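If you want the building blocks of each chain, they are given just below.
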Amino acid sequence: MKELVEIIAKALVDNPDEVVVTETEKEDELQIELKVAPQDMGKVIGKQGRIAKAIRSVVKAAASREDKKVVVDIQ
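Because the structure is a prediction, the values reported are computed rather than measured.

Calculation rules
Residues numbered from 1 in each chain as written. Predicted model: local features only at pLDDT ≥ 70, side-chain atom pairs only at ≥ 80, totals over all residues. Heavy atoms only, no water. Helix = DSSP H or I, 4+ residues; strand = E, 2+ residues; numbered from the N terminus. Rg over C-alpha atoms; globule rule 2.2 N^0.38 Å. Salt bridge = Lys/Arg side-chain N within 4 Å of Asp/Glu carboxyl O. Buried < 20%, exposed > 50% of the residue type's maximum accessible area, 1.4 Å probe, protein only. Lys, Arg positive; Asp, Glu negative; His and termini not counted. Contact = heavy atoms within 4.5 Å. Expected span 1.5 Å × (residues − 1). Arc of directions from axis to C-beta.

K.L.:
Outline the overall build of the protein chain, supporting the account with residue identities and numerical values.
P.N.:
When helices and strands are tallied, the protein chain shows three helices and three strands. Listing every helix and strand of the protein chain by position from the N terminus yields α-β-β-α-α-β. In terms of C-alpha radius of gyration, the protein chain reaches 12 Å, essentially the compact-globule figure of 11 Å for 75 residues. With respect to the three principal axes, the spread of C-alpha positions in the protein chain is 35 × 20 × 15 Å.

Here you go:
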């Protein structure tokens, strides 16, 4: 999942070197934290959060194959 979020984020931003994705596994959920440069935040979130919602949907679909709950946090 971490690689998937990283590939998507790097394709969206102007500074792909500043994209940092961390993955934390808790009991029954996987928490993915995405950090980008401040000037790229709008590109990752999108108008009315549409791009962020799309990223979460893609990750959720990929996680459903493994029967895991995934939470994507954008910072």
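K.L.:
With reference to specific residues and values, describe the pattern of salt bridges.
P.N.:
Summed over all chains, the structure comprises five salt bridges. As a salt-bridge pair, E29 and K69 come within 3.9 Å of each other at their nearest N and O atoms. Separated by 40 residues along the polypeptide, E29 in strand β2 (residues 29-35) and K69 in strand β3 (residues 69-74) bring together distant segments of the chain. Notably, a salt bridge pairs K35 with E33, separated by 3.7 Å at the nearest N-O pair.

K.L.:
Can you explain the side chain of D40? Please cite residues and give values.
P.N.:
Turning to its location among the elements, D40 is positioned in the loop between β2 and α2 (41-45). For the buried D40, no salt bridge exists, and the shortest N-O distance to an oppositely charged side chain is 4.0 Å, to K43. With residues near it in sequence (within four places) discarded, D40 still touches V13, D14 and N15.

K.L.:
Quick rundown of helix α3 (residues 50-64)? Include the residues and the values.
P.N.:
Between the first and last C-alpha of α3 there are 21 Å, a value that for 15 residues agrees with the 21 Å anticipated at 1.5 Å per step. Buried within α3 are the following residues: A52, I55, V59 and A63. Down the axis of α3, the buried side of the element spans an arc of 70°, and every buried residue falls inside it. Turned more than 90 degrees from where α3 packs its buried face, R50, K53 and K60 sit exposed. Against the buried residues of α3 lie α1 (2-12), β2, α2 and β3.

K.L.:
So what's going on with the environment of V58? Residues and values would help.
P.N.:
Within the secondary structure layout, V58 lies in helix α3. Given a relative accessible area of 39%, V58 falls into the partly exposed group. On a C-alpha basis, the gap between V58 and V70 in space is 11 Å, while along the polypeptide they are 12 residues apart. For V58, the residues in contact, after removing those within four places along its chain, are L4 and I8.

On their own, these measurements won't tell you what the molecule is for.
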